[in-house]
Amino acid sequence: MNKGFAARLQLAGSYGFLVSLLVIVVFPFYWMTVTSFKGEEQMRSLVSMFWPSPVVTDNYRHLLGKTEFVAWFGNSVIVSVSSTFLATAIGTIGAYALARLKFLGRAFMSSAVLITYLVPPSILFIPLYAQIRTLGLADSLGGLIAAYPSFTIPFVTWLLMGYFESIPVELEEAAMIDGATRFGAFRRIILPLAAPGVLAAGLYAFTQSWNEFLYALVFITNVKLRTLPVGLSSFITGDVYGWGYLMAGAVLTTLPVIVAYIYLQKYMVEGLTAGSVKG
Amino acid sequence: MSISTVELGLKTALGPKREGPLVGLARMLGPDHRLGFLFILPTVVLVLTLVAYPFCYAIYLSFTRKYVGVPPVFVGFDNYVKLTFDGFFQRAVINSFIFTFGSVTVKLVLGMVMALVLTTGIRWRSFWTGVLLIPWVAPTVVSALNFLWIFDYSLGVLNYMLVKVFHLLPHGVGWLSEPGTAMASVIGVNIWRGFPFFGISFLAGLRAIPAEMYEAAAVDGAGPLLRFRHVTLPGIRNIVIIVMLLSTIWTFNDFQIVYILTRGGPGGATQVIPVFTYEIAFGAQRLGEAIAVALYMLPALAAVIIVLAHYMRKGRGRA
């Protein structure tokens, strides 16, 4: 009886902890959404703090009509999608080679990929900037598309190496005994099996590219060529800014990631735990 | 001479000479070297051009006086010596350590509690994990801007709640504009964003511990605390080390949160190394010095990376 009470108390404590964590986690998103539907006047007068009254869409109209937001959104889509495809394609075959194929330098290259994954961008951004300038890619989306694989490829490769290693070798061996080539076995047997992992890796590469700030801040000076993170944050360095449309921008910047995440959460959590920190 | 003797002769004449070294080479290159090299080639090219070369160039630049658009001039250790005695740089180093240590410790504790709670008899576990992971998936710029707005002195919701709703304070606090609270605030945002990664990684580790080990410990009469010490902790030791070191690197190099929230201010109170690097490079245009700022901690960073790489490979090997 005493034990039952203790267990129930523990359970109540657990739920209490989770609920308070939930509030802390969700509140900023709630707050940005609420703010995005408030008028300037309402915000200034601190009335109906936690609910927009009246609900207005001025912020969104201002954001989409009078700022470069739409262009920034487009830039982010172009950069994130292209660099994600690049990183996922290259990372997938690279990971397969490192996880499965036996060739000279494999161990060294696995270590190199891992170390590359750990080298921080705050060390690389200045030399990369110099390099991008020399190549004539400064102030172009091409420069970002070229630079983002520096962090997405090592990540995708490392994550997928774990995934490929978890697929039984016997499957390929059986296919090769049946006459398939090494490449055929990879393409027809292993790749379909690894599809959820590839999807998760691609999603991570996408969110990382969508999120990237430092390179986009440094490489791009043309206002029209900014990506969303830099564009959004540039609102606050301007002389006049309204929290309403800033938060509307924040809502629209979060949406693609959250939608993708809701649909593919299972793969992402699985991929994360299989890849980056399996232990 | 019949054809077969010619063949035989050719084979003995050319065979060992021609095939021998090739077979030896193929053996040295590995049985799958053709497809292996082909598959790894794009990665090698990109890693060399995007990471290895820039990294070496960074080390070279740190020994030069270099401005944007002007060729570098070699100055030896000048940049490093100058930095060692630079008060602003020393402050950035100290701030970086406070920022990193404060963030990582709390993330570790919060993440651990989150993971432990989620392994008890909680309902809707995937709902909780799903929602709690959102700060980690959402774009950092969005989170930073959200908190910039929440922390706003006159119109922000935090001061509103503390003063007007709960009456905990007589007047608002300038969370990001006062030196006393600015560091705590940026650390808080970093924790908010980063703890889910700890939680979810620890959760994965906890679920890999076989239930029989807990049952056996319980049969032996071990209470919850003893079970935590002797079953749980050893079971997730590797993950804890990996996640801690990984987060240490990430946190130490976090640019976005501090840059958007405070730009290192007020009066340098939150100046950390990545933001300082950026300011020297693109505010003052002194690239050589800036890269020396970024590289100053390289020996320490390298040590962390080597230890981390060791544990990550070890984790891999067991999987």
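Residues numbered from 1 in each chain as written. Chains lettered and ligands numbered in written order. Predicted model: local features only at pLDDT ≥ 70, side-chain atom pairs only at ≥ 80, totals over all residues. Heavy atoms only, no water.

Asks: Sorry if this is basic, but what is going on with the overall build of chain B here?
Replies: Secondary structure summary: chain B contains 15 helices and 2 strands in total. Principal-axis analysis of the C-alpha atoms places the extent of chain B at approximately 110 × 70 × 30 Å. Counting over 319 residues, chain B shows a buried share of 51%. In chain B, the share of contacts with a sequence separation of at least 24, taken over all contacts with a separation of at least 6, comes to 66%. (Helix = DSSP H or I, 4+ residues; strand = E, 2+ residues; numbered from the N terminus. Buried < 20%, exposed > 50% of the residue type's maximum accessible area, 1.4 Å probe, protein only. Contact = heavy atoms within 4.5 Å.)

Asks: I'm lost on the overall build of chain A in this one. Help?
Replies: Scanning chain A from terminus to terminus reveals 13 helices and 0 strands. When the elements of chain A are put in sequence order from the N terminus, they spell out α-α-α-α-α-α-α-α-α-α-α-α-α. Taking 19 Å as the expected radius of gyration for a compact globule of 279 residues, we find that chain A reaches 24 Å, considerably beyond that expectation. Seen through its C-alpha atoms, chain A measures out along the principal axes to roughly 75 × 75 × 35 Å. Put simply, chain A has 279 residues, and 56% of those count as buried. Within chain A, contacts between residues separated by at least 24 positions form 73% of all contacts whose residues are at least 6 apart in sequence. (Rg over C-alpha atoms; globule rule 2.2 N^0.38 Å.)

Asks: Looking at this structure, I do not really get the nonpolar core. What am I missing?
Replies: Within soluble globular proteins, side chains that are nonpolar tend to cluster in buried spots. Grouped together as the largest cluster of nonpolar side chains are 186 residues, with contacts concentrated most on A:L160, A:F164, A:Y215, A:F219, B:L145 and B:Y278. Not counting residues within four places of it along the chain, the set of residues in contact with A:F164 comprises A:T92, A:A95, A:Y96, A:A99, A:R100, A:F186, A:I190 and A:A194. (Core = buried A, V, L, I, M, F, W, Y, C linked by side-chain atoms within 4.5 Å.)

Asks: How do you make sense of unusual backbone geometry when you look at a structure like this?
Replies: Keep in mind that most residues, glycine aside, have a negative phi and that most peptide bonds are trans. Note that the residue after A:S53, namely A:P54, is joined by a cis bond; omega there is 0°. Relative to the helices and strands, A:P54 is located in the loop between α2 (40-45) and α3 (58-66). A positive phi angle, close to 65°, is found at B:Q285, a residue other than glycine. Tracing the backbone shows B:Q285 in the loop between α13 (273-283) and α14 (287-295). When its relative accessible area of 34% is taken as the criterion, B:Q285 is described as partly exposed.

Asks: It is not clear to me how the interface of chain B and chain A should be interpreted in this structure. Could you clarify?
Replies: It is common to report an interface's size as the accessible area lost on association of the parts. With 107 residues of chain B at the contact, the number on the chain A side is 101 residues. Approximately 8,900 Å² of surface area, both sides summed, lies buried where chain B meets chain A, with 80% of it carried by carbon and sulfur atoms. At the boundary of chain B and chain A, one finds 1 salt bridge. A salt bridge links B:D32 to A:R182; its shortest N-O distance comes to 3.8 Å. Counting across the chain B and chain A interface gives 11 residue pairs in polar contact (both at pLDDT 80 or more). The element contributing the most residues to the side of chain B that touches chain A is helix α2 (residues 33-61) of chain B, with 20 residues. In terms of residue class, the side of chain B that touches chain A is built from 78 nonpolar, 20 polar and 9 charged. (Buried area = accessible area lost by both parts, 1.4 Å probe. Salt bridge = Lys/Arg side-chain N within 4 Å of Asp/Glu carboxyl O. Polar contact = N/O pair within 3.5 Å; in protein donor to acceptor, adjacent residues only side chain to side chain. Nonpolar A, V, L, I, M, F, W, Y, C, P; charged D, E, K, R; others polar.)

Asks: Teacher, can you tell me more about the confidence of the model for chain B here?
Replies: Reading fine detail from the predicted coordinates is not recommended where pLDDT is low. Residue and element names in this part refer to chain B. Overall, the predicted model of chain B reaches an average pLDDT of 87, with 92% of residues at or above 70. Below a pLDDT of 50 lies the segment residues 1-17, which in the model reaches 6 contacts outside its immediate sequence neighbourhood of four places, other chains included. Interface predicted TM-score (ipTM) for the complex: 0.90; the corresponding pTM is 0.89. (pLDDT = per-residue confidence, 0-100.)

Asks: How do you make sense of the pattern of salt bridges when you look at a structure like this?
Replies: Two side chains carrying opposite charge are able to pair once their charged atoms lie near each other. For the structure shown, the criterion picks out 8 salt bridges over all chains. Across the pair A:E172 and A:R182 runs a salt bridge whose closest N-O atoms are separated by 3.1 Å. Here A:E172, found in helix α9 (residues 169-177), pairs with A:R182, found in helix α10 (residues 182-211); they are 10 residues apart in sequence, far enough to count as distant. One salt-bridge network, in which partners are shared between bridges, spans A:R100, A:E172, A:R182 and B:D32.

Asks: Just checking my understanding: could you explain the environment of A:V25 for this structure?
Replies: If you trace the backbone, A:V25 turns up in helix α1 (residues 2-36). Contacts of A:V25, omitting those with residues within four sequence positions, involve B:V131, B:L132, B:P135, B:W192 and B:F195.

Asks: Honestly, the packing of aromatic side chains in this entry has me stumped. Any pointers?
Replies: Aromatic rings in a pair are described by how distant their centres are and how their planes are angled relative to each other. Tallied over the full model, the rule gives 53 aromatic pairs over all chains. Between the aromatic rings of A:Y96 and B:F39, the centroid separation amounts to 6.2 Å while the plane-to-plane angle is 65°, which identifies the pairing as edge-to-face. Linking A:Y96 in helix α4 (residues 69-100) with B:F39 in helix α2, this pair reaches from one chain into another. Given a relative accessible area of 0%, A:Y96 falls into the buried group. The class for B:F39 is buried, based on a relative accessible area of 5%. Between the aromatic rings of B:F147 and B:F151, the centroid separation amounts to 5.8 Å while the plane-to-plane angle is 40°, which identifies the pairing as tilted. Neither B:F147 nor B:F151 differs from the other in exposure class; each is buried. Pairwise contacts between aromatic rings join A:F125, A:Y129, A:Y148, A:F151, A:F213, A:Y215, A:F219, B:F255, B:Y259, B:Y278 and B:F282 into one cluster. (Phe/Tyr/Trp six-rings, centres within 6.5 Å; stacked < 30°, edge-to-face > 60°.)

Asks: I'm lost on the packing of helix α4 (residues 87-119) of chain B against helix α11 (residues 224-252) of chain B in this one. Help?
Replies: When two helices pack together, their arrangement is given by the angle between the helix axes and by the axis-to-axis distance. All names here are of chain B. Two elements in contact, α4 and α11, have axes whose closest approach is 10 Å; the angle formed by their N-to-C orientations is 145°. You can see that α4 and α11 cross each other, and the crossing is right-handed. Between α4, through S96, F97, F99, T100, S103, V104, K107, L108, M112 and L116, and α11, the contact on the second element is made entirely by F228, T232, I236, V240, M244, S247, T248, T251 and F252. By residue class, the composition of the contact of α4 with α11 is 11 nonpolar, 7 polar and 1 charged. (Axes fitted to C-alpha atoms, helices over the stretch in contact; angles between N-to-C directions. Left-handed = near helix turned anticlockwise from the far one by under 90°.)

Asks: Teacher, can you tell me more about the environment of B:L206 here?
Replies: Residue and element names in this part refer to chain B. Of note, L206 is situated in helix α9 (residues 179-207). Here the alpha-carbon distance between L206 and I239, two residues 33 residues apart in the chain, equals 9.6 Å. Discounting chain neighbours no more than four positions away, the residues touching L206 are A115, L116, T119, T232 and I236.

Asks: What is the right way to look at the confidence of the model for chain A in this model?
Replies: All names here are of chain A. Scored by pLDDT, chain A has a mean of 87; 93% of the residues are at 70 or more. Per-element confidence in chain A is highest for α4, whose mean pLDDT is 95, and lowest for helix α13 (residues 243-275), whose mean pLDDT is 80. A low-confidence stretch, residues 275-279 (pLDDT under 50), is modelled with 23 contacts involving residues beyond four sequence positions or located in other chains.

Asks: Please clarify how helix α7 (residues 140-150) of chain B should be interpreted in this entry.
Replies: Because an α-helix packs 3.6 residues into every turn, residues spaced three or four apart end up facing the same way. Counting buried residues along α7(B), 11 of its 11 residues qualify, which places the element largely inside the surrounding structure. All of the buried residues along α7(B) are B:T140, B:V141, B:V142, B:S143, B:A144, B:L145, B:N146, B:F147, B:L148, B:W149 and B:I150.

Asks: Honestly, the side chain of A:S111 in this entry has me stumped. Any pointers?
Replies: Relative to the helices and strands, A:S111 resides in helix α5 (residues 106-118). Here the side chain of A:S111 touches B:R313 through a polar contact of 2.9 Å, side chain to side chain.

Asks: Is there a simple way to explain the packing of α9(A) against α10(A) in this structure?
Replies: Residue and element names in this part refer to chain A. Across the interface, α9 lies against α10 with an axial gap of 9 Å and an inter-helix angle of 140°. One element, α9, and the other, α10, form an angle in the oblique class. The two elements α9 and α10 cross, and the hand of that crossing is right-handed. For the pair α9 and α10, the contacting residues are L171, E172, A175 and M176 in the first and R182, A185, I189, I190 and L193 in the second. Looking at the contact of α9 with α10 residue by residue, the classes come out as 7 nonpolar, no polar and 2 charged. (Parallel < 35°, antiparallel > 145°, perpendicular 65-115°, else oblique.)

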